[in-house]
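Chain by chain, the residues run as shown.
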Amino acid sequence: TIRPVRRSYYDPSSAPGKGVVWEWENDSGSWTPYDMDVGITIQRAYEKQHPWVDLSAIGFCYVIDFATMGQINRQTQRKRRVRRRLDMVYPLVSGTLPKSQSWPAGPGAAVAPPVPTCTCPQCLLVMSVKATVSAAGPGTATLQPRKAPPVPPAAPKAPAPALGAKAADGMATLRGSLKPLAAQGSRRQAASTPALSSAGSTASPPGAGSSKASCPGLGTLNRSHLQRLAIAQSRVLIASGVPTVPVKNLTGSSPVNPALAGITGILMSAAGLPVCLTRPPKLVLHPPPVSKSEIQSIPGISHNCRKTTKKQARKGKTPEEVLKKYLQKVRHPPDEDCTICMERLSAPSGYKGPQPAVKPDLVGKLVKCGHVFHLHCLVAMYNNGNKDGSLQCPTCKTIYGVKTGTQPPGKMEYHIIPHALPGHSDCKTIRIIYNIPPGVQGPEHPNPGKSFTARGFPRHCYLPDSEKGRKVLKLLLVAWDRRLIFAIGTSSTTGESDTVIWNEIHHKTEFGSNLTGHGYPDINYLDNVLAELAAQGITEESLAQEKD
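Residues numbered from 1 in each chain as written. Predicted model: local features only at pLDDT ≥ 70, side-chain atom pairs only at ≥ 80, totals over all residues. Heavy atoms only, no water.

Asks: Go over the sheet that holds strand S18 (residues 429-435) with me, naming the residues and quoting the values.
Replies: Read from one edge of the open sheet, 4 strands run S11-S17-S18-S21, paired in antiparallel fashion. On the outer flanks of this sheet lie strand S11 (305-308) and strand S21 (459-464), each paired with one strand and no other. Looking at each pair of strands side by side, their axes are set apart by 20 degrees on average, direction ignored. Where strand S17 (residues 410-417) meets S18, 7 bridges bridge the pair, whose relative direction is antiparallel. Opposite Lys411, over in S18, you have Asn435 as the bridge partner. Those strands touched by helix H9 (residues 467-481) are S11, S17, S18 and S21, and its axis lies near 170 degrees from that of S17. (Pairing = 2+ DSSP bridges. Helix = DSSP H or I, 4+ residues; strand = E, 2+ residues; numbered from the N terminus. Axes fitted to C-alpha atoms, helices over the stretch in contact; angles between N-to-C directions. Contact = heavy atoms within 4.5 Å.)

Structure (structure tokens):
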């Protein structure tokens, strides 16, 4: 898999330019640095002497309080320590930002690379191609109508520096690996097919540059030229019957990027490896058309549609009464921190928000998991949540009561279609269609009264119509009724805020492919989604509760 990388440049007055690193304390007590953009935002507010900075503008639900050097979660009010540390300053770059170019652009700047210290095939390949371009200068490769394969004249025996000799050897490697293949393919291809051929007659030593070269070099080939060059080389190899190595596309939605394809082909050819450029597999999001008569209801599941309309009623009169069901009072607190406010349990709660109607020094233990917190902190956490009568331990995520979410109103349809998923050829397919319209956020949402968007609906998802697939569907129906499938927040894909997003229960949205990771075959998907549902408090026991 080939992935792009990039090198970022920052202003000398920014946090990395000054060597400033902002870090937060994790659960193990060690320090974790913020992402660079977050650290720059925090440092900018710190230098302006702001008392605090809200990170929600860049997609994080935290507030940094400079007075206490703490990070506060806006939803749970959990507080962590932060610190500002001075590290090594990033190296300074003067003048204009350097361009992403590692090979010489012309003969005047050509310098032969040193002999590689590593002798692995990859290093030798890269150094060989660099030496080739450095030595040949302009006119290394051109596009010409196919003719009889040219025979390059013998190289002159003029003395050359040692490094120049290495470069000439590299050029000979490139020509030697392509010439037999071009010769084989030229006998089978039409005369109009573009071919890869050598334009220079000799390999010039570094710095010698020919002033008569009129053909463009590799550095001057545009996207269309590189694409034609790569396709021509591929046709030669296919016609010659040589086994080939496919070079797949990065995006998966269009032909191979011409620049990448051309460079990859040249590099592999320089090592004597055959290259064949192929189109990637197509993205198959939807099944073939299905008529209404072919759609079937799912045995054992009543109806074929569910709707959610409004927020579920709160369970419990006050937060104190709700928490009383899940807690035991602790008379002698252990000598450890409350993981919500990060203060000692033997001391009063450090929560600084709206004060609940409980004493700040009372301590309680959750009955299932046994974790201990300030009652003051638990009440504050409950008030900042969905207030649905349930509680989730902030340490181990154990759920008390029935957890519900904040999914906006919408419709869920489900039925069987007569097509099989990849990897599940022995059964048909369950298709789920989610449809949520845009609307206005309610009191349980991040920004009450503000409109929200709903992108990409209706969303089609797929399960195999097997025993385990039907089990997953039944649990998804419980999750839908409890409003846990979707939420309103910031999209991790587009960065858009106040929009409908998935809520940590993964779905398969590709029917006939798996190019994005959201399709089939995936032998572990059903087990994984069952685990994700269990993390939301939805298990087979939930099905019995729903029937009751």
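Asks: Got a sec to walk through the pattern of salt bridges? Specific residues and values, please.
Replies: Enumeration over the complete set of coordinates arrives at 19 salt bridges. Here Lys18 makes a salt bridge to Glu47, at a shortest N to O gap of 2.7 Å. With Lys18 in helix H1 (residues 15-18) and Glu47 in helix H2 (residues 36-47), this residue pair connects regions lying 29 residues apart in the sequence. The class for Lys18 is partly exposed, based on a relative accessible area of 39%. Close ionic contact of Lys411 with Glu413 constitutes a salt bridge, the shortest N to O distance being 3.8 Å. (Salt bridge = Lys/Arg side-chain N within 4 Å of Asp/Glu carboxyl O. Buried < 20%, exposed > 50% of the residue type's maximum accessible area, 1.4 Å probe, protein only.)

Asks: Which residues make up the pairing of strand S5 (residues 70-73), and what values do they have?
Replies: Across 4 bridges, strand S4 (residues 62-65) lies against S5 in antiparallel orientation. From the neighbouring strand, Ile64 faces S5, where its bridge partner is Gln71. Here S4 folds back onto S5, and the loop between the two strands holds 4 residues, one of which, Met69, carries a positive phi near 50 degrees. In this structure, S5 lies alongside strand S6 (residues 79-86), joined through 3 bridges in antiparallel fashion. Across the sheet, Ile72 pairs through a bridge with Lys79, a residue of S6.

These results come straight from atomic positions and should not be treated as a statement about function.
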